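Residue-level structural notes
Take a look at the letters that make up each chain.
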Amino acid sequence: MLKQRIITALILLPIALCGFFLLEGSGFALFIGLVVTLGAWEWARLAGFTEQPIRVAYAAVVALMLFVMHILPGLAPWVLGASVLWWGVATYLVLTYPRSSERWSSAATKLVIGLLILLPAWQGLVQIKQYPLGNWLIMAVMVLVWGADIGAYFSGRAFGKRKLAPQVSPGKSWEGVYGGLALSLVITVIVGLVRDWTVAELFKGLIGAAIIVFISVVGDLTESMFKRQSGVKDSSNLLPGHGGVLDRIDSLTAAIPVFAVLLWMAAP
């Protein structure tokens, strides 16, 4: 398994970096769209559909909606606004699972939720890419999420006692969340010092980083909740040793659109 994970990572990393840094405009939108479309194919399985024609049809619908969003950029505020509302609802659903499953157990509801997760993730990346430092802003949100994951892993193993959401993901603890948050805040402080931020800018950066960390945890737990409800361990086996696309981007699907909204709110 470790060998598979390493080989897969070595293949995917340069592809991802080239896609993020070298592609622009429609090429970048198409690259991210392909990833999201694969995620949609996986999501249909989490919604309860095992038949390939239905899963492919759902992925095709998502791809069509991405195309519409691309040619109608005015939809962006609505898509990102819906995402913020959804992740607020998702927080409640995760914290009250399994009782909350009564509210979203139907296949149709799960398919709609898939749209609320996947479409804003694409929209958020496209919006962030348009900023003057778009590439670095994309890396920034990813580093924050990765830092939170790393910090949570080590602090959870060392100090984890209080379960975060035992019915959803028994291995996660509040101590892990705090450790992940601490590491991400340290990263933010270092960036602020390097870039010579003012005290006000650093304060805003720390608040934003904290929000991103917490919402990324919700994104991770949300996919875990749907996988648990569906009785599957991974969203698919597309990535040997890593599971599926959604298993790799679950935290980012929540963090990216919220990060895009925070950037918009912070703009002068």
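All values derive from a computational prediction rather than experimental measurement. Each chain carries its own residue numbering, running from 1 in the direction its sequence is written. For this predicted model, a pLDDT threshold of at least 70 governs which residues receive local features, and a threshold of 80 or more governs which side-chain atom pairs are given and counted, while totals over whole chains, interfaces and linings are taken from all residues. Heavy atoms from the whole structure form the basis of all side-chain values; hydrogens and water molecules are not counted.

1. Some points on the pairing of strand β2 (residues 169-173)
- Where strand β1 (residues 163-165) meets β2, two bridges bridge the pair, whose relative direction is antiparallel. Its bridge partner lying in β2, A165 is registered against S169.
- Taking the residues that link successive antiparallel strands as the turn, the β1-β2 hairpin has three residues. The pairing criterion for strands is at least two bridges between them, as found by DSSP. Helix and strand assignments follow DSSP, with helices taken as H or I runs no shorter than four residues and strands as E runs no shorter than two, numbered in order from the N terminus.

2. Let's talk about empty space enclosed by the protein
- Both cavities and pockets are sets of points on a 1 Å grid over the protein atoms alone; in a cavity a 1.4 Å probe fits but cannot get out, in a pocket the set is open with protein on both sides within 12 Å along at least five of seven lines, and lining residues sit with an atom within 4 Å of a point. Grid points are joined across faces, edges and corners, and a volume is the space filled by probe spheres set on the points. Under the defined criterion, the tally for this structure stands at one cavity of 30 Å³ or more.
- Reported here for the largest cavity is a volume of approximately 60 Å³.
- Those elements that provide at least two residues to the lining of the largest cavity are α8 (199-230) and α9 (245-266).
- Residue polarity follows a fixed list, in which Ala, Val, Leu, Ile, Met, Phe, Trp, Tyr, Cys and Pro are nonpolar, Asp, Glu, Lys and Arg are charged, and the others, Gly among them, are polar. A breakdown of the residues in the lining of the largest cavity according to their chemical character gives four nonpolar, three polar and two charged.

3. Re the UniProt feature "transmembrane region" (unreviewed entry) in the protein chain
- Following the UniProt record, the feature "transmembrane region" (unreviewed entry) maps to residues 28-44, 56-72, 78-95, 107-124, 136-155, 176-194 and 206-226 here.
- In this annotation, residues 56-72 is assigned 94% helix and 0% strand; the end-to-end C-alpha distance for the span is 24 Å.
- Between the end C-alpha atoms of residues 206-226 there is a gap of 31 Å, over a span that is 100% helix and 0% strand. UniProt positions are given in the numbering used here, feature names are shortened, and annotations may be inferred rather than shown by experiment.

4. Side note on a nonpolar patch on the surface
- Patch membership needs two things, relative accessible area over 30% and no salt bridge, and members are linked within 9 Å if like-charged or within 5 Å if nonpolar (Val, Leu, Ile, Met, Phe, Trp, Tyr). Only the protein chains shown count as cover for residues, with accessible areas throughout obtained via the Shrake-Rupley method and a probe of 1.4 Å. Salt bridges, as used here, are contacts in which a Lys or Arg side-chain nitrogen is within 4 Å of a carboxyl oxygen on Asp or Glu. Taken together, the side chains of V143, W146, I150, Y153, F154, L183, V186, I190 and V194 make up a nonpolar region of the molecular surface, amounting to roughly 870 Å² of accessible area.
- Those elements that place two or more of their residues in the nonpolar patch are α6 (134-159) and α7 (174-194).
- Per-element tally for the nonpolar patch: the top contributor is α6, with five residues.
- With respect to the helices, strands and loops of the structure, V143 is situated in helix α6.
- With a relative accessible area of 31%, V143 lands in the partly exposed category. Between buried and exposed lies partly exposed: a residue is buried under 20% and exposed over 50% of the maximum accessible area for its type, with that area taken using a 1.4 Å probe on protein chains only.

5. So, α7
- Take the number of residues in a helix, subtract one, and multiply by 1.5 Å to get its expected span. Compared with an ideal rise of 1.5 Å per residue, which puts 21 residues at 30 Å, α7 spans 30 Å between its outermost C-alpha atoms and is within 8% of the ideal.
- Of the positions making up α7, those classed as buried are E175, G176, V177, G179, G180, L181, S184, T188 and G192.
- We call two residues in contact whenever any of their non-hydrogen atoms come within 4.5 Å of each other. Check the buried side of α7 and you find it contacts α6, β1, β2 and α8.

6. Focus: the pattern of salt bridges
- For the structure on display, the rule yields four salt bridges.
- Its salt-bridge partner being E24, residue K129 comes within 3.7 Å of it at the nearest N-O pair. In this pair, K129 is assigned in helix α5 (residues 107-129) and E24 in the loop between α1 (2-22) and α2 (25-46), connecting sequence segments 105 residues apart.
- Classification of E24 by relative accessible area gives partly exposed; the value is 49%.

7. Details of the packing of aromatic side chains
- Within 6.5 Å between ring centres, the rings of Phe, Tyr and Trp (the latter by its six-membered ring) count as paired, and their orientation is classed by plane angle as stacked under 30 degrees, edge-to-face over 60, tilted in between. Following the criterion strictly, the structure yields nine aromatic pairs and no others.
- Ring centres of F20 and F28 lie 6.3 Å apart, and the angle between their planes is 50 degrees; on these two criteria the pair is classed as tilted.
- Judged by relative accessible area, which is 11%, F20 ranks as buried.
- Their ring planes at 45 degrees and their centres at 4.4 Å tell us that W104 and F226 sit as a pair that is tilted. Of the two residues, W104 is situated in the loop between α4 (76-95) and α5 and F226 in helix α8; the sequence distance between them amounts to 122 residues. Each member of the pair W104 and F226 is classed as buried.
- A connected cluster of aromatic rings, assembled from ring pairs, spans W43, Y97, W104 and F226.
- When the ring centre of W41 is taken as origin, the NZ or CZ atom of R55, which lies over that ring, is 3.9 Å away.
- Over the face of the ring belonging to F28 we find K129, whose NZ or CZ atom lies 4.8 Å from the ring centre. By definition here, charges over rings are those cases where NZ of Lys or CZ of Arg is within 6 Å of the ring centre and within 35 degrees of the ring normal.

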